[in-house]
Amino acid sequence: MAILSCVNSYDKAQVEGSKLLFERVDKIELRVAKYSPLKGSSFLPLPKWLRLPCKGLINIQNYADNRCFLWSCLAGVSLPKIHPERVSHYKSRQKELNMKNIKYPVKVKDVDKFEKQNKGISVSVFGLEEDDTIVPLRVTPKLKTRHINLLLLQDGDDYHYVLIKNISRFLSHLTTRKKRLFWCENCLPVTCLCFLQNGWRTTRSVTCCSGSDK
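Cut-off values and rules
Residues numbered from 1 in each chain as written. Predicted model: local features only at pLDDT ≥ 70, side-chain atom pairs only at ≥ 80, totals over all residues. Heavy atoms only, no water. Pairing = 2+ DSSP bridges. Helix = DSSP H or I, 4+ residues; strand = E, 2+ residues; numbered from the N terminus. 1 Å grid on protein atoms, 1.4 Å probe; cavity = no way out; pocket = protein on both sides within 12 Å on 5 of 7 lines; lining within 4 Å. Points joined across faces, edges and corners; volume = space filled by probe spheres on them. Nonpolar A, V, L, I, M, F, W, Y, C, P; charged D, E, K, R; others polar. Phe/Tyr/Trp six-rings, centres within 6.5 Å; stacked < 30°, edge-to-face > 60°. Buried < 20%, exposed > 50% of the residue type's maximum accessible area, 1.4 Å probe, protein only. Contact = heavy atoms within 4.5 Å.

## A few points about the sheet that holds strand β2 (residues 121–128)
To summarise the sheet geometry, strands pair through backbone hydrogen bonds and adopt either a parallel or an antiparallel arrangement.
Stage number 1. Reading across the sheet, the five strands line up as β1-β5-β4-β2-β3 and stay open at both edges, with mixed pairing between neighbours. Edge positions in the sheet fall to β1 (57–58) and β3 (134–138), since each of these pairs with one other strand and no more.
Stage number 2. Direction of pairing for β1 relative to strand β5 (residues 158–164): antiparallel, over a ladder of two bridges. Across the sheet, residue Ile-58 finds its bridge partner in β5, namely Leu-163.

## Here's the deal with the layout of surface pockets
Stage number 1. The calculated volume of the largest pocket comes to roughly 270 Å³.
Stage number 2. The residue makeup of the lining of the largest pocket, split by class, is nine nonpolar, three polar and three charged.

## Observations regarding the packing of aromatic side chains
Stage number 1. One pass over the structure, following the stated rule, counts three aromatic pairs.
Stage number 2. Ring geometry for Phe-69 against Phe-114: centres 5.1 Å apart, planes inclined by 90°, an arrangement best described as edge-to-face. Taken together, the positions of Phe-69 in helix α2 (residues 68–77) and Phe-114 in helix α3 (residues 111–117) put the pair 45 residues apart, joining distant regions of the chain.
Stage number 3. Phe-69 gets classed as buried once you look at its relative accessible area, which sits at 1%.
Stage number 4. What makes Phe-114 buried here is its relative accessible area of 0%.

## Looking at the pairing of β3
Stage number 1. In this structure, β2 lies alongside β3, joined through four bridges in antiparallel fashion. Residue pairing across strands places Gly-127 opposite Val-135, the latter belonging to β3.
Stage number 2. If you look at the hairpin formed by β2 and β3, you'll find five residues sitting between the two strands, and Asp-132 has a positive phi there, around 70°.

## Let's talk about α2
Stage number 1. Taken across its ten residues, α2 has nine buried, putting it largely inside the fold.
Stage number 2. Turning to α2, its buried residues are Cys-68, Phe-69, Leu-70, Trp-71, Ser-72, Cys-73, Leu-74, Ala-75 and Gly-76.
Stage number 3. Buried-residue contacts for α2 involve α3, β2, β4 (146–155) and β5.

## Points about the pairing of β4
Stage number 1. Of all ten residues in β4, seven are buried, a share of seventy percent or more.
Stage number 2. Here seven bridges tie β2 to β4, and the two strands are oriented parallel to one another. Within β4, the position partnered with Ile-121 by the bridge is Arg-146.
Stage number 3. Judged from the seven bridges that link them, β4 and β5 form a sheet pairing that is antiparallel.

Structure, rendered in structure tokens:
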């Protein structure tokens, strides 16, 4: 009966009107938030648990510029043997990579353009959540001759790219097994891995459960 009464009231209002008059608008509130895409800028220190040499990270100290993406990629192409964290190693090598029409600081979405302009290089980018969970921010659709893994740090509105020299070491805390592992970048933070048992793999893929290692 209650439902029928509501239906009848609705039908009556449709025919006769609600007999309500619009008088005024008391308040309109419009909230606008600026969209700020993820991008790397100047130097940020690594969290303490990632500063150990065994984690395989190279944090280039670009205190005076916002080109951490470029420096990290150059390090990924060819890493200096002594003090690879120093920017001075890379300034003379800037023209090795095609950064045309890519603005600094480099946004994660611009990595697609970087790959197209640098045919033999692929790049994947990872991030850290508040609980230090490692998550993929951008996984390359196709591994190239030179594959580079980057970690994008965040501190408030500041972001900074760090080179992941060895993805197996970087993710070693996710398993107690000591063998060298191939990690599936698409599956993180879920532990999905394959063991490297008999020499090098002949093929590599970053698709789910195929594994990837660099």
